[in-house]
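In case you want the letters, here they are:
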Amino acid sequence: MIIALCKKDIRSDTTDNNISTSRIRAFTAPGIFKQAVVAPLLVATMISFADLHAQQQPEDSPARQEQDDLMSLLKESPKNSFDLKGFAEISSDTGLSDNEYGEQSFYNMGARTKFRPAYSSQKFKAYADIDFFAKSYSHVKEYSFETSEFYIEGGNSLLWKTGKQRFNWGVADIFSIVNPMDQIDLRESFARDNDEKFCGVYALRLTYIKGDYAIEAAARPVTEPLMRPAGFYAIHADLQDTPAGTVTPGYKDSDAERKIKNAAFALRGGGTTSGLDWHLFVYSGPQPRSAYSSTLERTDTGLNLTMEPIFDRVTIIGVDAAFAMGKLNTRFEGIYSPDMVASEKIDDQQKTVAMSQIMGGSDSALLQDGTSRNYYSYGVGADYNLWGNYGTVYCEWMQARFVDESDIEKELQSDILALRIEDSFFSQALNLSAGSMIRIDNMSAGYALTTEAEYDFKNGLTATAGAYYFVPNSDTYMQLFEDMNMIYLRMRFSF
Amino acid sequence: MKTANRILISIAAIATLTVSPLISQESADAIMKKNDGIPSGQSFKREMTLLVIKQGVTEKKEFTGFSKKQGRSRRSLMQFTHPTEMGFLVWDNPGEESQQWIKLSGGRVRRIASTDKGKPWMNSHFYNDDVSEKYIEDYKYELIGGESVNGTPCYKIRSVKKGTGATYSKTEVYIGKEDYLTYRVDYFEGGRHVKTLTLTRYENILNIPTARMLTMERADGKGKSVLYIKSIRYNISIDDRELTREALAK
C-alpha cells in the first residue's frame, strides 16, 4: 500500500526534491508535508540520508562505515548566492645570474593571496578577482594589490558584461596573437593560464548567440599601455658612449607619463562549423605591440635617451581556428594590420644628425620616431598525446613581420618555436613538465629551457618547484631574459 | 520428393543449430532495444556531486548539468562550481564522433581530440567517453548469461562497438530482467576488466527511472568515483544557446 502511494505520488511530481516530499507524504503527517514544500532542498537531503541508512547493511560493517563516510561527503552543500574562492601562496625565487641590480644572485620571497568573491542572482552575476602581493626582494620590500577582474554580467538573448574583465580571445596555448583587447602581463614569463597571462581591462561587452554562432561587440577606454610592464622590449644596447658623453637610457613609463586617452572597439563573430571552431574579428584601437620614439636630451652630466612608447590607433583583422584530428589537436591564430606602428631603425646618419644638433647647442634632438607599416603575425600549434592518459607534447610556432623591414626595427617577438612535454603520475598528483623556446632568427639561435614539478596533495595544497635557464647567444630577444635564470619554489593553498 | 524433403529438413535442422547464436543475438538486441526505449527525458537539469577517491584521498567536486535532446541528437553542458569553475560541453549526433570541449579554470576553451575520449573525465574514474551518448546501432550485442546484481535478476549482455576507434574493447552490461534498467556495466580494455559502473538508488521521476548514484570503481579496487544526483528537473525549457561552445566560453 505504501509502495502504491509512493508510485502514485512520484508520477505526479516534477523534481526529485518533490519525490522526497511525496515519500514524506506517504510516511508522515500533513504538517511535515507543508514544511517540506517550504524547504524542499532540506527535505531532499534528509530523505536521501534516511533512505541510505535504511539499506540492509549491518551497522558496524566496513561497507556501512564506508557508505556513511561517502554520504557525509555527498551531503548537500548550502546553496548560497554569495561564493568566495581563492588561494594563499608563498614563493621564493633564487637567481642564478646577475639581475638588473648587478647582484650575482638574488633571493626573493613573496606571498600572495587571491580572493574571488562572486554573487549570483536570477538577473545578474557579480564577480571580482583580487590579488594581494607582498614581496621581499634582496633590496626592497613591496606591497601591492591588484583587481584583475571586477564585473557584473547578465542578459538573456543579449548577454552583457561590464566592468574590469578578461576577454580571453584565441585558441593558442603559448603565444596569444588574436587577443588585442586584453592587457598582456609579461611579469610571468612562462605563465600558461589566461588568468596569469592577461590582466583584466575595463570594458563593455555585448554578446548575441544564435544557433552555434555568436557575435560580440566590445568597447573599452584605454588609459594605459596594453602590456605590463610597458617598457619591456625597448633596449638600445648600441647607443652608449657618444662624442657628447655617456647616454643614459630611460623610459617614459611612470604612471603619469604612460597615461593614454583613447578607446578600443572590436567586433568578433564565430562559432562551430563541421567540427571546426573559428572566429573572425576586427579591432580599432591603440596598437597592442610596443613601438617607441627616442629623443636625445642634454643634461649636466651627459645625455639622456628618453624613450616614449607610441600607442597610435591601428586597425587589426584577425582569425582563429581549432580543429581536432584523431590524437592531434591543431590551432591557428593570425592577424593583419595595414597601419601597425614600428620604431624607425637608428642608423649612423640619424645618430650623426642628432649629435650635430646637440653639439650645435640644441637641448634635445629626435633620434627615432614611429612609422606605420603593413604587419602580419600568425601562430600555428598542436598537441599530441604520445603515451598514457597525460603524456602529451605541445608545439607552437609563431612569426610576426612588417612587410618592409629595411628601415625599421624588426619585431622582436617573432620566429619562436616552443616545445613542451608533460605527464602526470600517481593519479595526477605529480605533474612534470619540461620545455624549450628556441628563437630561430639566425645561425646562433638563442633558447630557453624550463622545467617544473608540481605535487598536488589533493586537499587544496600544491607544491611547485621549477627553473628557467636562458642561453641567449647573440639573439637580441633572448638577451632580454638573460638575467632571469632562476629556481623557484611555491606552496599554494586553494580554498 | 521425400528424400528431397528429408534433405530440406536436415538443412533446416542444421540451419537452426547454426543460427542458434543468432537467436540469442536477436534476444540481446531486443533487450537492449527495450533498455534504449526507457524514457530519459527530452531535457534535464541536475545538481550533482562527484567524489573522486584515489589512494585514500577523496576529492569533492560539484557541478550543474544541463542536457537537451533534439531528435536523436543530445547536447550536454556540465558547469563545475567547486573546487574550481570549469565547464564541459558534449555534442552527440548519431553516426558521428562525439564532440567535446573543456573550459579551463583560466577561461580558455579547448576542444578535446577524439582519441582523448579514453582519458579520465575531470580527473575521475569516468572517461570522457562515458559522458557521451551511446547509440544502440553503434554496438553489437550478445546475450552471454544471467546474473543478479544486488539481488536484482539481470541479463548479462556483451557489447562491442562496431568499427574502429572504440575506447573499450568490450563492455558487459547487466540489464534488469523485469524493468530493463541498467544495473551494472563492466568495462574491458584490451580484453582486461578495468572498471565497473554500478547504478543504484533508482527513482521514478515523471515516469523516468533515474539512478541517483553512479559508482565507477577500478577492477583492482584501487579507487573509485561516485556521481550523485542531488536534484534533478526533467523536461524543462533549456535555451539551445546555452549548449554551445560560444556560451561555454562566456
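Nothing here was measured: the structure is a model prediction, and the numbers come from that model.

A few words on the overall build of chain A. Secondary structure assignment for chain A yields eight helices and 26 strands. Looking at chain A as a whole, 46% of its 495 residues qualify as buried. By sequence separation, contacts in chain A at least 24 residues apart represent 59% of the contacts at least 6 residues apart. Counting every atom, chain A has about 24400 Å² of accessible surface; 58% of that belongs to carbon and sulfur.

Okay, the sheet that holds strand 6 (residues 183-185) of chain A next. The strands making up a sheet are joined through hydrogen bonds of the backbone, oriented either antiparallel or parallel. Ordered by their spatial adjacency, three strands build an open sheet running 7-6-10 (chain A), and the pairing between neighbours is mixed. Of all strands in the sheet, those bounded by a partner on one side alone are strand 7 (198-199) and strand 10 (227-228) of chain A.

Summarising the sheet, strand 1 (residues 82-95) of chain A and strand 2 (residues 107-120) of chain A pair through 13 bridges and their orientation is antiparallel. Within the sheet, the bridge partner assigned to Ala 88 of chain A lies in strand 2 of chain A and is Thr 113 of chain A.

Right, let's get into the nonpolar core. Soluble globular proteins tend to bury their nonpolar side chains together. With 47 residues, the main nonpolar core has Phe 63, Phe 88, Trp 121, Phe 126, Leu 197 and Leu 227 of chain B as its most contacted residues. Setting aside residues up to four positions removed in sequence, Leu 197 of chain B forms contacts with Phe 126, Tyr 183, Arg 184, Val 185, Tyr 187, Leu 214, Thr 215 and Met 216 of chain B. Leu 226, Ala 266, Ala 342 and Phe 470 of chain A belong to the second largest nonpolar core, which has 42 residues in total.

What follows covers the interface of chain A and chain B. Contact with chain A, which involves 70 residues of that partner, is made by 56 residues of chain B. For the chain A and chain B pair, buried surface summed over both sides reaches about 5100 Å², with 47% attributable to carbon and sulfur atoms. The tally of links from chain A across to chain B stands at eight salt bridges. Measuring nitrogen to oxygen at the nearest pair gives 3.7 Å for the salt bridge that ties Arg 245 of chain B to Asp 277 of chain A.

Residues and elements named next belong to chain B. Omega for the bond connecting His 82 with Pro 83 falls within 30 degrees of zero, at 0 degrees, which places this linkage in the cis form. At Asn 123, a residue that is not glycine, the phi angle is positive and equals roughly 60 degrees. If you trace the backbone, Asn 123 turns up in the loop between strand 6 (109-112) and strand 7 (139-149). Unlike most non-glycine residues, Asn 150 shows phi in positive territory, near 50 degrees. Here Asn 150 shows up in the loop between strand 7 and strand 8 (152-161). For Asn 150, a relative accessible area of 67% translates into the label exposed.

Residue and element names in this part refer to chain A. As enumerated under the stated definition, the model contains 41 salt bridges over all chains in all. A salt bridge links Arg 439 to Asp 475; the shortest N-O distance between them is 2.8 Å. Here Arg 439 is found in strand 23 (residues 430-439), whereas its partner Asp 475 is found in the loop between strand 25 (461-471) and helix 8 (476-479), with 36 residues between them in sequence. What emerges from the salt-bridge pattern is a single network uniting Arg 112, Lys 114, Arg 116, Asp 129, Asp 131, Glu 149 and Arg 166.

Residues and elements named next belong to chain B. Pairing between strand 10 (residues 182-189) and strand 11 (residues 192-205): six bridges, direction antiparallel. Its bridge partner lying in strand 11, Asp 186 is registered against Thr 196. Where strand 11 lies against strand 12 (residues 208-218), ten bridges are found, and the strand directions are antiparallel. Residue pairing across strands places Glu 203 opposite Thr 210, the latter belonging to strand 12. Between strand 11 and strand 12, which pair antiparallel and follow one another directly, the connecting turn spans two residues, one of which, Leu 206, has a positive phi of 55 degrees.

Residue and element names in this part refer to chain A. An ideal rise of 1.5 Å per residue puts 16 Å on twelve residues; helix 7 (residues 348-359) measures up with 16 Å between its terminal C-alpha atoms. Of all the positions in helix 7, only Lys 351, Ala 354, Met 355 and Ile 358 are classed as buried. Buried residues of helix 7, viewed axially, fall in a sector of 100 degrees; they line one side. Facing away from the buried side of helix 7 by over 90 degrees, the exposed positions are Gln 349 and Thr 352. Directly after helix 7, the chain includes Gly 361, whose backbone phi takes a positive value near 115 degrees.

The next subject is a nonpolar patch on the surface. All names here are of chain A. Taken together, the side chains of Leu 158, Leu 204, Leu 206, Tyr 208, Ile 215, Leu 267, Val 282, Ile 317, Tyr 336, Tyr 376 and Val 403 present a nonpolar region at the surface, about 930 Å² in accessible area. Considering every element that reaches the nonpolar patch, the biggest residue donor is strand 8 (residues 201-210), with three residues. As for its position among the elements, Leu 206 is in strand 8.

Attention now goes to the packing of aromatic side chains. Under the counting rule described, the total for this entry stands at 24 aromatic pairs over all chains. Both rings, one in Phe 115 of chain A and one in Phe 132 of chain A, keep their centres 6.0 Å apart while their planes meet at 75 degrees; by these two values the pair is edge-to-face. In this pair, Phe 115 of chain A is assigned in strand 2 and Phe 132 of chain A in strand 3 (residues 124-136), connecting sequence segments 17 residues apart. Centroid distance Tyr 455 of chain A to Phe 457 of chain A: 4.9 Å. Interplanar angle 70 degrees. Geometry classified as edge-to-face. An aromatic cluster is present here, built from Phe 63, Phe 80, Phe 88, Trp 121 and Phe 126 of chain B joined pairwise through their rings. The residue whose ring lies beneath Arg 75 of chain B is Trp 91 of chain B, and the NZ or CZ to ring-centre distance is 3.6 Å. Geometry around Phe 188 of chain B places Lys 170 of chain B over its ring, the cationic atom sitting 4.5 Å from the centre.

Relative to the helices and strands, Ser 337 of chain A is located in strand 18 (residues 328-343). Only 3.3 Å separates the side chain of Ser 337 of chain A from the backbone nitrogen of Met 340 of chain A, close enough to count as a polar contact.

A word on the confidence of the model for chain B. All names here are of chain B. Here chain B averages 86 in pLDDT, while 89% of its residues score no lower than 70. Counted against residues more than four places away or in other chains, residues 1-25, with its pLDDT under 50, gives three contacts. In the predicted assembly, ipTM is 0.76 and pTM is 0.78.

Residue and element names in this part refer to chain B. Relative to the assigned elements, Arg 158 resides in strand 8. Classification of Arg 158 as partly exposed rests on a relative accessible area of 26%. As for Arg 158 and Arg 201, which are separated by 43 residues in sequence, their C-alpha atoms are 24 Å apart. Contact partners of Arg 158, with chain neighbours within four places excluded, come to Lys 140, Tyr 141, Glu 142, Ile 144, Lys 170, Thr 171 and Glu 172.

What follows deals with the environment of Ala 321 of chain A. Residue and element names in this part refer to chain A. Topologically, Ala 321 is positioned in strand 17 (residues 313-325). Ala 321 sits in the buried class, given a relative accessible area of 17%. In the structure, Ala 321 is positioned 13 residues away from Gly 334 in sequence and 9.3 Å away in space, judged by C-alpha atoms.

Definitions and limits used
- Sequence order as written defines residue numbering, which begins from 1 separately in each chain.
- The order in which chains are written sets their letters, starting at A; the order in which ligands are written sets their numbers, starting at 1.
- Local features are withheld for residues below a pLDDT of 70 in this predicted model, meaning they are given only at 70 or higher, and side-chain atom pairs are given and counted only at 80 or more; totals for whole chains, interfaces and linings count all residues.
- Working from all heavy atoms in the structure, the side-chain values ignore hydrogens and water.
- Runs of H or I in DSSP of at least four residues are treated as helices and runs of E of at least two as strands, each being numbered from the N terminus.
- Only protein chains enter the area calculation, which uses a 1.4 Å probe; residues under 20% of their type maximum are buried, those over 50% are exposed, and those in between are partly exposed.
- When checking whether two residues touch, look at their non-hydrogen atoms; a contact exists if any pair is within 4.5 Å.
- Accessible surface is estimated by sampling points in the Shrake-Rupley manner with a 1.4 Å probe; for residues, cover comes only from the protein chains shown.
- Whether two strands pair comes down to DSSP finding at least two bridges between them.
- Put simply, a nonpolar core is a bunch of buried Ala, Val, Leu, Ile, Met, Phe, Trp, Tyr and Cys residues held in one set by side-chain atoms that sit within 4.5 Å of each other.
- Computed with a 1.4 Å rolling probe, the buried area is the accessible surface lost when two parts are put together, summed over both parts.
- By definition, a salt bridge exists where a carboxyl oxygen of Asp or Glu is found within 4 Å of a side-chain nitrogen of Lys or Arg.
- Each helix should span, by expectation, one fewer than its residue count multiplied by 1.5 Å.
- The arc in question is the one spanned by the directions pointing from the helix axis to the C-beta atoms.
- For patch building, the residue pool is restricted to those with more than 30% relative accessible area and no salt bridge; the joining distance is 9 Å between like charges and 5 Å between nonpolar side chains (Val, Leu, Ile, Met, Phe, Trp, Tyr).
- Only Phe, Tyr and Trp rings are paired, with Trp represented by its six-membered ring, and only when their centres lie within 6.5 Å; those with planes under 30 degrees apart are stacked, over 60 edge-to-face, the remainder tilted.
- Geometrically, a lysine NZ or arginine CZ counts as sitting over a ring once it is within 6 Å of the ring centre and also within 35 degrees of the ring normal.
- Side-chain atoms alone can form a polar contact between residues adjacent in sequence; in general such a contact is a pair of N or O atoms within 3.5 Å, and within protein one must be able to donate a hydrogen while the other accepts it.
- Confidence of the prediction at every residue is given by pLDDT, a number between 0 and 100.

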